[in-house]
Amino acid sequence: MKKFLYLGVSVLLLLSLAATAFASDEKEAVRDRLKDVLFEYKDAYNLRDFDAIRTLYSTNATVKSFPCDSKEDLEFENFSGILPQCASYWVDQAFKLRLFKFTSFELNGKTCTVRVLWDYRDNSGRGKFTPTFEFVLDGDKWKISKETYGRNPS
């Protein structure tokens, strides 16, 4: 009887460890994919490639503040339409995104929220800012569904 109990507990422990390892592997895979998306984001913004920028967002995305210095949430359609006008600010200020790191990461099924610390440079020197990105899995691609800047991203 003790052997069966020991065997049962051992199997449950192994299953629990396997599930935890799988979840951890999945989380790391999503984290790596979102890093790739943000590198695409950095490159697209630095090249002022508006079509590439637009492909990074879901069709119902909202953006607040950067890159168009909006104080309210912009719906994707409005944000997409004013990107060329926003670019004049980036060009005038020689704005370039540089490196980033995740300061928080929360995966919840097909959505993920990431707080990022960006380094940038412009005519006034170098600086940092901390946007929050909400991503949604759209088919097999992660897309930005919300981008918010400031201390209180909600």
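Everything below is about the structure shown above.
Described in the following lines is the structure provided in the data block. (Residues numbered from 1 in each chain as written. Predicted model: local features only at pLDDT ≥ 70, side-chain atom pairs only at ≥ 80, totals over all residues. Heavy atoms only, no water.)

### Describing the pairing of strand β4 (residues 111–122)
Here 10 bridges tie strand β3 (residues 96–108) to β4, and the two strands are oriented antiparallel to one another. Across the sheet, residue phenylalanine 100 finds its bridge partner in β4, namely tryptophan 118. Count of turn residues in the β3/β4 antiparallel hairpin: two residues, of which glycine 109 carries a positive phi of about 70°. The sheet contact formed by β4 and strand β6 (residues 132–138) spans five bridges and is antiparallel. Residue pairing across strands places threonine 113 opposite glutamate 134, the latter belonging to β6. By the bridge criterion, five bridges tie β4 to strand β5 (residues 125–129) in an arrangement that is antiparallel. Bridging from a neighbouring strand, tyrosine 120 pairs with glycine 127 of β5. Between the antiparallel neighbours β4 and β5 lie two residues. (Pairing = 2+ DSSP bridges. Helix = DSSP H or I, 4+ residues; strand = E, 2+ residues; numbered from the N terminus.)

### Points about the pattern of salt bridges
Evaluation of the coordinates by the stated rule reveals six salt bridges. The shortest N-O distance in the salt bridge between aspartate 36 and arginine 33 comes to 3.9 Å. Of the two residues, aspartate 36 and arginine 33 are both situated in helix α1 (residues 2–47); the distance of three residues between them amounts to about one turn of the helix. By relative accessible area, which is 40% here, aspartate 36 ends up partly exposed. (Salt bridge = Lys/Arg side-chain N within 4 Å of Asp/Glu carboxyl O. Buried < 20%, exposed > 50% of the residue type's maximum accessible area, 1.4 Å probe, protein only.)

### Focus on the side chain of serine 80
Topologically, serine 80 is positioned in helix α3 (residues 76–92). Using a relative accessible area of 12% as the deciding quantity, one classes serine 80 as buried.

### A look at the pairing of β6
By the bridge criterion, seven bridges tie β6 to strand β7 (residues 141–148) in an arrangement that is antiparallel. Each bridged residue has a counterpart across the sheet, and for threonine 132 the counterpart in β7 is threonine 148. The hairpin turn running from β6 into β7, its antiparallel successor, is two residues long, and glycine 139 in that turn takes a positive phi close to 70°.

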